[in-house]
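# Structure at a glance
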Amino acid sequence: MIGLISATAAGTMARDRLAAAWPGRTAVYEGPVREAVQRAFAECEQLVCFLATGAVVRLLAPLLSDKSADPGVVCVDEAGRHAVALLGGHGGGANALAEAVGEVLDAAPVVTTATDATGVPGLDMLGLPVEGDVAGVSRAMLDGAPVELRADAVRPLPPLPPNVFPGAEGPAVLHVTDRIVEPGSLAAVLRPASLAVGVGASRGAPVEEVVGLIRDTLEEAGLSPLSIAELVTVDAKADEPGIVAAAARFGVPLRTCAAEELARIEVPNPSGAPLAAVGTPSVAEAAALAAGGELLVPKRKSAPQGRAAMVTCAVVRRAPRGRLAVVGLGPGARDLLTPRAREELRRASVLVGLDQYVDQIRDLLRPGTTVLESGLGAEEARARTAVAEARKGHAVALIGSGDAGVYAMASPALAEAGADIDVVGVPGVTAALAAAAILGAPLGHDHVSISLSDLHTPWEVIERRVRAAAEADLIVTFYNPRSRGRDWQLPKALSILSEYREPATPVGVVRNASRPDESSRVTSLAALDPATVDMMTVVTVGNTATREIAGRMVTPRGYRWQAATTAREGAK
């Protein structure tokens, strides 16, 4: 919950705007400001104070305990011009909260955390547990001092600064490992979620016995419990209190597998006891292996004093999986690039894309991002490159204009990608949608997009699709309508549509939608000159219900509107 505190009329107005924008996420604290801040600090994960920063500092000072526990605090000034991340920038989420508040109130977010200000990813913001001298290593990263990277494997992390690399000669060290290391001065350890622990237990096994066995097993194997990704067991133990509570203690999910599935997995130490009890000769080892990976620790039994063991466990290490994000950049305008796309661009350690698209977003990349760019015509090669980099374990962003899944890079990339990497699709505003918004509301009824490029699709197929759209009275948006080497396809497509639609049918023509040199016009099917169209243009042809109203293309949501209009015109 986000606590909201104000003291003045102007602050209360801004407070109420934020509360209205985030229903269910905020709680307004009334009454004397000091008491309101104290109550909100104790009860909320984050605070937004519509007060001067100096006043908030004095109010918060007696309440502070530890940066890992204190809430994130943002201050908004009296004029609502700035949202200042005052406390808990990373751990409390104040930096992100300042950005979010700024979007709602049209205030400039003020973030002074050094890593955020310089674009360097904070070690505590990489999504992994981190131990050791985090402040010292972060300071070395920011100062440009050499930081030796000691990683067991390549993992899909955001880009690290150029001064962080294997073999760097300097006192600072950054470990990325699931193994126990003793981080001394100027050493930090990132803990990847690489371990899966299979667990078996008798009915009523105490949570202390489950947790104790797992901790002892990992310690003896030289492995960190912070790298546990999940506990895995058989379906019959899905609600076993000791196992459920153990997963909660470690802060990881509990996954279950059917006994039939576990029984098919070959294990080094099968047993008749679990076969009789739950229908599989192995629970701990088979469940661990079901998570996929290398068996590091075979079955271990607990050793309680004075009674028989009630718990078994086994540990596997899962191979790192690379991550491929296929990102749509939208039609070109920066404000039509989605927040999710921005996040993925900053998360990627490797960016793959067409050179002109890379230039559009190069300033959004973190320092140290590897950029692999190429020119027109190399789409399939770019897709192969992106997948290959993901298979190496990197976090990769493959970019395309508009929506990456519409006449763009998602198709060739996913044709190459197998189940060995994680793939994320990030939608973008398509050229058709950007053009439609400029033209008015031409896509108000059923519509279709057709590319007129016959480089990859035989013209006979394209023509059949155009005719089908014409017969079905669909609004048609033409992509790739005309180039210097393909100047006859658009006239042919328009002639097909003319067999089914009146010459006065509205046609919208938009070039470079949302870009500084954008141009648009509404014409008609009979008046459109194909010679004025090029590859940077989107052509939208209305259906029989589409009308031009006040210079805009409008297609009603239903044909009743058309029938009513026809009746009115007939009455005249």
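Refer to the preceding data block for the structure.
Now for a description of the structure that goes with this document. (Residues numbered from 1 in each chain as written. Predicted model: local features only at pLDDT ≥ 70, side-chain atom pairs only at ≥ 80, totals over all residues. Heavy atoms only, no water.)

## Comments concerning the overall build of the protein chain
- Of regular secondary structure, the protein chain possesses 19 helices and 29 strands.
- The proportion of buried residues among the 572 residues of the protein chain is 46%.
- Considering only intrachain contacts with a sequence separation of at least 6, the fraction spanning at least 24 residues in the protein chain is 65%.
- If you sum the accessible surface of the protein chain, you get close to 26,600 Å²; carbon and sulfur atoms cover 53% of it.
- Distance between charge centres in the protein chain, computed from 55 positive and 65 negative side chains, equals 3 Å. (Helix = DSSP H or I, 4+ residues; strand = E, 2+ residues; numbered from the N terminus. Buried < 20%, exposed > 50% of the residue type's maximum accessible area, 1.4 Å probe, protein only. Contact = heavy atoms within 4.5 Å. Areas by Shrake-Rupley, 256 points an atom, 1.4 Å probe, with all protein chains shown as cover. Lys, Arg positive; Asp, Glu negative; His and termini not counted. Charge placed at Lys NZ, Arg CZ, Asp CG, Glu CD.)

## Focus: the nonpolar core
- Counting residues in each nonpolar core, the largest one holds 24 residues, and the members touching the most others are V197, V199, I214, I228, L231 and V311.
- Among the secondary structure elements, those contributing two or more residues to this core are β12 (195–201), α7 (207–220), β13 (228–234), α8 (241–250) and β16 (311–317).
- Top element by residues in this core is α7. It accounts for six residues.
- Those residues in contact with V197 that sit more than four places away from it in its chain are I214, I228, E230, L231, V232, C313, A314 and V315.
- V466, F478, A493 and L525 belong to the second-largest nonpolar core, a separate cluster that totals 21 residues. (Core = buried A, V, L, I, M, F, W, Y, C linked by side-chain atoms within 4.5 Å.)

## Things to note about the pairing of strand β1 (residues 2–6)
- Of all five residues in β1, five are buried; the element is thus mostly enclosed.
- The two faces of β1 match: I2, L4 and S6 on one face and G3 and I5 on the other face are all buried.
- Two strands pair when backbone bridges link them, and β1 and strand β2 (residues 26–28) are joined in this way by three bridges, in the parallel orientation. When the sheet's bridge partners are listed, L4 is paired in β2 with V28.
- For the handedness criterion, the β-α-β arrangement of β1, helix α1 (residues 9–21) and β2 is classed as right-handed. (Pairing = 2+ DSSP bridges. Right-handed = clockwise from strand over helix to strand, strands pointing away.)

## Concerning the environment of A40
- For A40, the location among the structural elements is in helix α2 (residues 33–43).
- The class of A40 is buried, set by a relative accessible area of 0%.
- Residues A40 and V164, spaced 124 residues apart in sequence, show a C-alpha to C-alpha distance of 40 Å.
- Leaving out residues up to four positions away in the same chain, A40 has contacts with I5, Y29 and L47.

## Quick word on the sheet that holds strand β5 (residues 82–87)
- Sheet architecture is open: six strands sit in the order β2-β1-β3-β4-β5-β6, paired in mixed fashion. The open sheet has two edge strands, β2 and β6 (108–110), and neither has a second partner. Adjacent strand axes in the sheet meet at a mean angle of 25°, parallel and antiparallel pairs treated alike.
- Against the sheet, α1 contacts β1, β2 and β3 (46–50), and its axis sits at roughly 160° relative to β1. (Axes fitted to C-alpha atoms, helices over the stretch in contact; angles between N-to-C directions.)

## Digging into the pattern of salt bridges
- One pass over the full model with this rule turns up 22 salt bridges.
- Across the salt bridge formed by R191 and E131, the nearest N and O atoms sit 2.9 Å from each other. Taken together, the positions of R191 in the loop between β11 (187–190) and β12 and E131 in strand β7 (residues 130–132) put the pair 60 residues apart, joining distant regions of the chain.
- In this structure R191 comes out as buried when scored by relative accessible area, which is 3%.
- The partly exposed category is assigned to E131, whose relative accessible area is 30%. (Salt bridge = Lys/Arg side-chain N within 4 Å of Asp/Glu carboxyl O.)

## Focus on the pairing of strand β24 (residues 475–479)
- A large share of β24 lies buried, amounting to five of its five residues.
- Side chains of β24 alternate between two faces, with I475, T477 and Y479 and V476 and F478 buried alike.
- As paired strands, strand β23 (residues 447–451) and β24 are joined by five bridges and run parallel to one another. Across the sheet, residue S449 finds its bridge partner in β24, namely T477.
- With helix α17 (residues 459–471) bridging β23 and the parallel β24, this β-α-β connection has right-handed handedness.
- One ladder, built from three bridges, connects β24 with strand β27 (residues 537–541); its direction is antiparallel. Residue V476 lies in a different strand from β27, and its bridge partner there is V541.

## Focus on the packing of aromatic side chains
- Within the structure shown, the criterion is met by two aromatic pairs.
- Ring centres of Y407 and Y479 lie 4.7 Å apart, and the angle between their planes is 55°; on these two criteria the pair is classed as tilted. Taken as a pair, Y407 in the loop between β20 (395–400) and α15 (410–416) and Y479 in strand β24 lie far apart in primary sequence, 72 residues in all.
- Residue classification places Y407 among the partly exposed residues on the basis of a relative accessible area of 44%.
- With a relative accessible area of 10%, Y479 lands in the buried category.
- Geometrically, the ring pair formed by W459 and W488 is edge-to-face, given 5.0 Å between the ring centres and 70° between the ring planes. Here W488 lies in the loop between β24 and α18 (489–498) and W459 lies in helix α17, a separation of 29 residues in the sequence. (Phe/Tyr/Trp six-rings, centres within 6.5 Å; stacked < 30°, edge-to-face > 60°.)

## Considerations on helix α14 (residues 379–391)
- Between the first and last C-alpha of α14 there are 19 Å, a value that for 13 residues agrees with the 18 Å anticipated at 1.5 Å per step.
- All buried positions along α14 are accounted for by R382, A383, A386, V387, E389 and A390. The buried residues of α14 all sit within an arc of 160° when viewed along its axis, so they share a single face.
- Elements that come into contact with the buried residues of α14 comprise β17 (323–328), β18 (350–354), β19 (370–374), β20 and α15. (Expected span 1.5 Å × (residues − 1). Arc of directions from axis to C-beta.)

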